[in-house]
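# Coordinate analysis (summary)
Next come the chains, spelled out residue by residue.
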Amino acid sequence: MAMNIKRPNGTEDVLPKDVHKWNTVEKIARETAESFGFSEIRIPTFENTDLFLRSVGETTDVVQKEMYTVKAKETEFTLRPEGTAGTIRAMLQNGLLNEALPQKVFYMLSCFRHERPQAGRLREFHQFGLEMAGSAAPTADAEVISLAKTLLTRLGLKNIELYINSIGCPSCRTKYHEALKAYFEPHKEELCDTCKERLVKNPMRLLDCKSPICQEIAKDAPLITDYLCEECDEHFKKLQAYLTNLGIEYKVNPKIVRGLDYYTKTVFEFVTTEIGAQGTVCGGGRYDGLIEQLGGQHIPALGFAMGIERLLLVMDKQGCDYLTPKKCDIYFATMGDAALEKAMELVKDLREFGYCAEYDLMGRGIKAQMKYANKIGAAYTVVLGDNELAEGKARLKEMESGNETEILLNDKFTTNFENEYFNKVLDIMDDENGSMFAFTGEDK
Ligand code: HAM
């Protein structure tokens, strides 16, 4: 019977042929975060729904329309729509914020949002993100933005613009909200239904509406940057000076308000025009009130998250390099039971040395085995039959060149193979000037 159960809309399978792309992003992201002194944190896939209501915010699209919530035994749980809320909850619950500050953690996790799927917008997607708690200084903002920029550069990405804004603290925002209300009130009837509600509850979110009519009305709306208090203004100016000093190009975009409610002061996005409408590959900012809001002390914090699927879309489009996928180093084509058993022994030793070694599991003839070795991209093959076993020798064939060397089937087999293999590796490293992505034996 044909399989007719398909994966849910808005989810993706990552197939073996593509998984090295994910490994590339994850490896470089991890190394970059660690080089800035961040440590990895892992948190649950679901949390109490209240956590998201109190952090992401009740007036946001994420909470109002996009959460996957289930009720289990009288408690409501929600699949995390993002990583910040759970990470801060975990920091609070495990006392990390009582330790030396700043606390700096990064994560790679799946997120769930019931959005309308399109290129770069999924219902299950993956984020690489990080959070830094403890510093109110603009150096922390510069550090976090610099980390994001470094990672994008190390991934080989080009043409990604950084937009920054400050959405102020609660005190400057009160005045700004009044100004926004006064501006939008005369247009109230023309606004979409969601924005009518936003006008009362959270007028800044009006600036983020995707409806063309609301966007047109919002065109001349007052700008937050004209309403910043002295402290927020100073903070924003210092951040800009630090970015300039670090050689990080940016544009101030006072229209960036971000889709989540916890932000204060700095917000930023890295955006590309190369993958269509969903071009924001990274979004983040400061959230100085969140920890307190979740029951902790007043501890300022900030962070960002990148959508891994979106990063990969841009990397594919721009032809960025990926780590070489792991392939079979040596394949044994065997004839007869005795040869098969010998192959099993040799394979076991080679694996102990860290090689990927395989032999026939299908009971195929020699020709078909060689074909298979070719298909899986084995670097070397050894043909083992009665003659070879009787002589205690076999021929090691390098598949790409077709070159063959004789190799002894004794207890030195593994060392002999290793010599042959590493000579080859050194050749490749010479050819490619030891590039980062060369086939080096190190990753075993
Ligand atoms: P966000 O802007 O909602 O922020 O998401 C961060 C990134 O996740 C986006 O820039 C985008 O690349 C990716 N993303 C979001 N939704 C989708 C989707 N439906 N499909 C594919 N990719 C998506 C946050 O999540 C904040 N927690 C970031 C943060 C961390 N702020 C401070 N710390």
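So, here is what we can say about the structure in this document.

Rules behind the numbers
- Residues numbered from 1 in each chain as written.
- Predicted model: local features only at pLDDT ≥ 70, side-chain atom pairs only at ≥ 80, totals over all residues.
- Heavy atoms only, no water.
- Helix = DSSP H or I, 4+ residues; strand = E, 2+ residues; numbered from the N terminus.
- Buried < 20%, exposed > 50% of the residue type's maximum accessible area, 1.4 Å probe, protein only.
- Lys, Arg positive; Asp, Glu negative; His and termini not counted.
- Salt bridge = Lys/Arg side-chain N within 4 Å of Asp/Glu carboxyl O.
- Contact = heavy atoms within 4.5 Å.
- Pairing = 2+ DSSP bridges.
- Axes fitted to C-alpha atoms, helices over the stretch in contact; angles between N-to-C directions.
- Parallel < 35°, antiparallel > 145°, perpendicular 65-115°, else oblique.
- Left-handed = near helix turned anticlockwise from the far one by under 90°.
- Nonpolar A, V, L, I, M, F, W, Y, C, P; charged D, E, K, R; others polar.
- Near = heavy atom within 4 Å.
- Polar contact = N/O pair within 3.5 Å; in protein donor to acceptor, adjacent residues only side chain to side chain.
- Areas by Shrake-Rupley, 256 points an atom, 1.4 Å probe, with all protein chains shown as cover.
- Phe/Tyr/Trp six-rings, centres within 6.5 Å; stacked < 30°, edge-to-face > 60°.

Turning our eyes to something else, we now look at the side chain of E66. Position of E66 relative to the elements: it lies in the loop between α3 (61-65) and β3 (69-72). Although E66 is buried, it makes no salt bridge; R113 carries the closest opposite charge, 4.8 Å away. Residues within four places of E66 in sequence aside, it is in contact with D61, F112, R113, H114 and E115.

The next subject is the pairing of strand β14 (residues 380-384). For β14, a buried count of four out of five residues is recorded, marking the element as mostly surrounded by other parts of the structure. By the bridge criterion, three bridges tie β14 to strand β15 (residues 393-398) in an arrangement that is antiparallel. Within β15, the position partnered with T381 by the bridge is K397.

Turning our eyes to something else, we now look at the environment of F106. Within the fold, F106 resides in strand β5 (residues 103-112). For F106, a relative accessible area of 0% corresponds to the buried category. It is 33 Å that separates the C-alpha atoms of F106 and K6, two residues lying 100 residues apart in sequence. Ignoring sequence-local partners within four residues, the contact set of F106 consists of R30, A33, E34, F38, S39, E40, I41, F128, G129 and L130.

Put simply, helix α5 (residues 138-154) and helix α9 (residues 230-245) touch, their axes get as near as 9 Å, and they point 45° apart. The orientation of α5 with respect to α9, classified from their angle, is oblique. Relative to α9, α5 is oriented so that their crossing is right-handed. In this structure, α5 uses P138, T139, D141, A142 and I145 to contact α9, whose residues at the interface are H235, K238, L239, Y242 and L243. Looking at side-chain class alone, the contact of α5 with α9 contains six nonpolar, two polar and two charged residues.

Another point: the site of the ligand. Around the ligand, the surrounding shell holds 27 residues, and the nearest of these are E82, T84, E115, E131 and Y263. Contact between the ligand and T280: an oxygen atom at 2.9 Å from a main-chain N or O atom of the residue. Contact with the protein chains removes 96% of the 660 Å² of surface that the ligand exposes when unbound. Of all the elements in the fold, those that place two or more residues in the shell around the ligand are β6 (124-133), β10 (280-286) and β11 (301-307). Take the shell around the ligand: its biggest share by element is six residues, from β10. Across the shell around the ligand, the residue classes break down as eleven nonpolar, nine polar and seven charged.

As enumerated under the stated definition, the model contains 16 aromatic pairs in all. With centroids separated by 5.0 Å and ring planes inclined at 90°, the aromatic side chains of Y183 and F184 adopt a geometry described as edge-to-face. For Y183, a relative accessible area of 21% corresponds to the partly exposed category. F184 gets classed as buried once you look at its relative accessible area, which sits at 0%. Judged by centre distance (5.9 Å) and plane angle (45°), the ring pair of F332 and F413 falls under tilted. In this pair, F332 sits in strand β12 (residues 330-334) while F413 sits in helix α15 (residues 413-431), placing the two residues 81 residues apart along the sequence. Note on F332: relative accessible area 0%, which makes it buried. Taking relative accessible area as the criterion, F413 reaches 1% and is therefore assigned buried.

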